[in-house]
Amino acid sequence: MKIHEKYIKRCIELAKNGLGTTYPNPLVGSVIVYENKIIGEGWHKKSGEPHAEVNAVNSVKDKSLLKKATIYVSLEPCSHFGKTPPCCDLIIENQIPNVVIGTVDPNIEVAGKGIKKLIEAGKNVTVGILEEECNELNKRFFTFHKTKRPYIILKWAESQDGYISPISKKEKKPIWITNEFSRQLVHKWRTEEQSIFVGTQTVIDDNPKLNVRDWTGENPIRIVLDQNNRIPKECHIFDNQSKTIVLSSPEIDFSKNIAAQIAHILFKKNIQSVIIEGGRQTIQTFIDASLWDEARIFRGQLFLEKGTDAPALKSGWEEKKFILDDELLIFRNYD
């Protein structure tokens, strides 16, 4: 089993290269091993492009070795035709005798069918190697398919005395609670998630671009809540630099649980992950509905003395990191 773990760990490392570019597909890495030596490897790079197993097979120089090799893959190989042919068929056609799989695919189109097909073809199949790590790798994909909603990340920055903004903004320039490296990290996060969400007042007060400027990567889809269509059309969110979706009546019933409705609408739009970057009221709405998976909270060195209170979480943080003198606290919701 230890030798299997070594190669599945490499699959996970490879798969992470696709973070932010594979939506709506999962992150998958694959390696091919012959006589305890990696002879091929690959990962899924983008939806519509070859899957990890295809890239791994294509990278093998001596294809005759495939008949005596073991293919490792972090997620169950697909067995259905989508934008690309089934990876199970590729493994069978190349007569690879041994298949080691990290975890089962929760997508109803796969969900054990790939494993069944490989076993019926006479392959020696091993499943469940570093399963927890493989599930964590695809926490967005798994949450989406199992709970029928996107993976929800709450994010805000607060002062040392627990405020997210001053009472009034007399100057047009923003008041930065965190340092430039924390802000750069936030832009990196934006490249990793499929969408970003804010409320009406945040757009009106701050006119944010909600795009990626301090990192290289794709802009997230911008999701904005605007009950009464108050957001001016000249705001940055309508600059056509990235897709913007405005949620308003009657799509949202503002007399009912707004967070649950937003999560359901994003699921229907095939959006697997979202960063909630709105103001206190928007973020607290998701907390009170227990509709969140992670909270990433920056605590800067600034004291505001008074202002808008930071959202309130009942649970304690699990991880604490430092970005120079900023604290980054990571919370997780297990409800």
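Just so you know, these numbers come straight off a predicted model, no measurement behind them.

(A) Just the overall build of the chain, in detail. When you go through the chain residue by residue, the secondary structure sums to 10 helices and 15 strands. Per-residue burial over the chain gives 52% buried out of 335 residues. Residue pairs at least 24 apart in sequence account for 72% of intrachain contacts in the chain once pairs closer than 6 positions are excluded. For the chain, the accessible area works out to roughly 16,800 Å², and carbon and sulfur atoms hold 49% of it.

(B) Focus on the UniProt feature "binding site: substrate" (unreviewed entry) in the chain. The feature "binding site: substrate" (unreviewed entry), as given by UniProt, occupies Arg190, Asp206, Leu210, Arg213 and Glu277 in the numbering adopted here. Residue placement: Arg190 occurs in helix H7 (residues 180-192). Judged by its relative accessible area of 8%, Arg190 is buried. Every residue in contact with Arg190, bar those within four places of it in the chain, is listed here: Ile196, Leu210, Asn211, Val212, Arg213, Glu218, Pro220, Ile275 and Glu277. Position of Arg213 relative to the elements: it lies in the loop between helix H8 (200-206) and strand S9 (221-225). Classification of Arg213 as partly exposed rests on a relative accessible area of 46%. Once residues lying within four places of it in the same chain are set aside, the contact partners of Arg213 are His187 and Arg190.

(C) Structural context of the domain arrangement of the chain. The domain boundaries assigned to the chain delineate domain 1 (1-142) and domain 2 (149-332). Just the C-alpha atoms count here: the centres of domain 1 and domain 2 sit 35 Å apart. At the junction of the two partners, domain 1 supplies 10 residues and domain 2 supplies 11 residues. Each partner contributes to the roughly 950 Å² buried at the junction of domain 1 and domain 2, and carbon and sulfur atoms together form 45% of this total. If you look at where domain 1 meets domain 2, you find 2 salt bridges. Lys139 serves as the salt-bridge partner of Glu294, at 2.7 Å between the closest nitrogen and oxygen. Along the contact surface separating domain 1 from domain 2 lie 5 residue pairs in polar contact (both at pLDDT 80 or more).

(D) Just empty space enclosed by the protein, in detail. If you walk through the whole model with that rule in mind, you get 1 cavity of 30 Å³ or more. By volume, the largest cavity amounts to about 80 Å³. Examining the composition of the lining of the largest cavity, we find that 3 residues originate from one element, helix H6 (residues 139-147), more than from any other. Grouping the constituent residues of the lining of the largest cavity by class yields 6 nonpolar, 5 polar and 2 charged.

Cut-offs applied
Numbering of residues starts from 1 in every chain and runs along the sequence as written. For a predicted model such as this one, the threshold for reporting local features is a pLDDT of at least 70, and the threshold for listing and counting side-chain atom pairs is 80 or more; totals across whole chains, interfaces and linings nevertheless cover every residue. The basis for every side-chain value is the complete set of non-hydrogen atoms in the structure, without hydrogens or water. By the criteria applied, helices consist of DSSP H or I runs no shorter than four residues and strands consist of E runs no shorter than two, each listed in order from the N terminus. Any residue under 20% of the maximum accessible area for its type is buried, any over 50% is exposed, and the rest in between are partly exposed; the area is computed with a 1.4 Å probe on protein chains only. We call two residues in contact whenever any of their non-hydrogen atoms come within 4.5 Å of each other. Values of accessible area rely on a 1.4 Å probe in the Shrake-Rupley scheme; residue burial ignores everything except the protein chains shown. UniProt positions are given in the numbering used here, feature names are shortened, and annotations may be inferred rather than shown by experiment. Domain start and stop points were drawn from an automatic or database domain assignment. Accessible-area loss on putting two parts together, using a 1.4 Å probe and summing over both, is the definition of buried area adopted here. Salt bridge, as used here: a side-chain nitrogen of Lys or Arg that lies within 4 Å of a carboxyl oxygen of Asp or Glu. Under the rule applied, a polar contact is a pair of N or O atoms within 3.5 Å (in protein, one hydrogen donor and one hydrogen acceptor; residues adjacent in sequence only if both atoms are side-chain atoms). Cavities and pockets are defined on a 1 Å grid built over the protein atoms alone: a cavity is a set of grid points where a 1.4 Å probe fits but cannot escape, while a pocket is an open set with protein on both sides within 12 Å along at least five of seven lines, and lining residues are those with an atom within 4 Å of any such point. Grid points are joined across faces, edges and corners, and a volume is the space filled by probe spheres set on the points. Any residue that is not Ala, Val, Leu, Ile, Met, Phe, Trp, Tyr, Cys, Pro, Asp, Glu, Lys or Arg is counted as polar, Gly included; the first ten are nonpolar and the last four charged.

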